[in-house]
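Close look at the chain arrangement
The lines below spell out each chain.
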Amino acid sequence: MLLVRASMVVGVLLFAVVTWWLHRQEGWTPMPTWEAMGMASYAVSAMALAGILVVRKLAFATRDRERLARLGIAGAALGEGAALFGGVYYFFTDDPSRMAIGLAVL
């Protein structure tokens, strides 16, 4: 389980590093700011956080180790989705703030 979660975090961080590196190349220009996508990233992060809280409540209520492992991966996947959505916003606009919010949720 720890290996799966670590792999998910490393994948998101690798996407951030590659995006940062690409933005430092000559000729790269950000796309126009997408306000709708920026607002959607807040909504995705909030929904992921709500989902994680539900998963956490279910995890505390269970005694089955297999179910606990599945719930842990489900919660991590919700956080990863929020971080990747913020990462796409960062990729297009060179504004890492939405990705930072997603990483905080992760």
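This section reports on the structure supplied with the text.

**Some remarks on unusual backbone geometry**
- One non-glycine residue, Asp 94, lies in positive phi territory at about 65°.
- Mapped onto the secondary structure, Asp 94 falls in the loop between α3 (65-93) and α4 (97-105).

**Some points on the packing of α3 against α4**
- For the pair α3 and α4, interaxial distance at closest approach is 7 Å and the crossing angle is 170°. The angle between α3 and α4 falls in the class roughly antiparallel. Taking contact as the criterion, the partners of Gly 79, Ala 82, Ala 83, Gly 86, Gly 87, Tyr 89 and Tyr 90 in α3 are, on α4, Arg 98, Met 99, Gly 102, Leu 103 and Val 105.
- The class makeup of the residues in the contact of α3 with α4 is 7 nonpolar, 4 polar and 1 charged.

**Examining the nonpolar core**
- The biggest cluster of nonpolar side chains holds 5 residues, and these are Val 12, Ala 16, Ala 83, Tyr 90 and Met 99.
- Among the secondary structure elements, those contributing two or more residues to this core are α1 (2-23) and α3.
- Here Ala 16 is in contact with Tyr 90 and Met 99, once residues within four sequence places are set aside.

**Looking at the pattern of salt bridges**
- Inspection of the entire model under this criterion finds 2 salt bridges.
- With a shortest N-O distance of 3.8 Å, Arg 24 and Asp 94 are connected by a salt bridge. Residue Arg 24 is located in the loop between α1 and α2 (35-61), and its partner Asp 94 is located in the loop between α3 and α4; the two are separated by 70 residues in the primary sequence.
- Among the residues examined, Arg 24 registers a relative accessible area of 46% and is labelled partly exposed.
- Across the salt bridge formed by Arg 98 and Asp 95, the nearest N and O atoms sit 3.1 Å from each other.
- Classification of Arg 98 as buried rests on a relative accessible area of 9%.

**Here we look at α4**
- Arg 98, Met 99, Gly 102 and Val 105 are the residues of α4 that are buried. Seen end-on, α4 carries its buried residues on one side only, within an arc spanning 115°.
- At its buried positions, α4 is contacted by α1, α2 and α3.

**Some points on the packing of α2 against α4**
- Following both chains from N to C, one finds α2 and α4 inclined at 5°, their axes separated by 10 Å at the closest point. Relative to α4, α2 is oriented roughly parallel. For the pair α2 and α4, contact is made by Gly 38, Ser 41, Tyr 42, Ser 45, Ala 48, Leu 49 and Ile 52 and by Arg 98, Ile 101, Gly 102 and Val 105, respectively.
- For the contact of α2 with α4, the class distribution of residues is 6 nonpolar, 4 polar and 1 charged.

Conventions and cut-offs
Residues numbered from 1 in each chain as written. Predicted model: local features only at pLDDT ≥ 70, side-chain atom pairs only at ≥ 80, totals over all residues. Heavy atoms only, no water. Helix = DSSP H or I, 4+ residues; strand = E, 2+ residues; numbered from the N terminus. Axes fitted to C-alpha atoms, helices over the stretch in contact; angles between N-to-C directions. Parallel < 35°, antiparallel > 145°, perpendicular 65-115°, else oblique. Contact = heavy atoms within 4.5 Å. Nonpolar A, V, L, I, M, F, W, Y, C, P; charged D, E, K, R; others polar. Core = buried A, V, L, I, M, F, W, Y, C linked by side-chain atoms within 4.5 Å. Buried < 20%, exposed > 50% of the residue type's maximum accessible area, 1.4 Å probe, protein only. Salt bridge = Lys/Arg side-chain N within 4 Å of Asp/Glu carboxyl O. Arc of directions from axis to C-beta.

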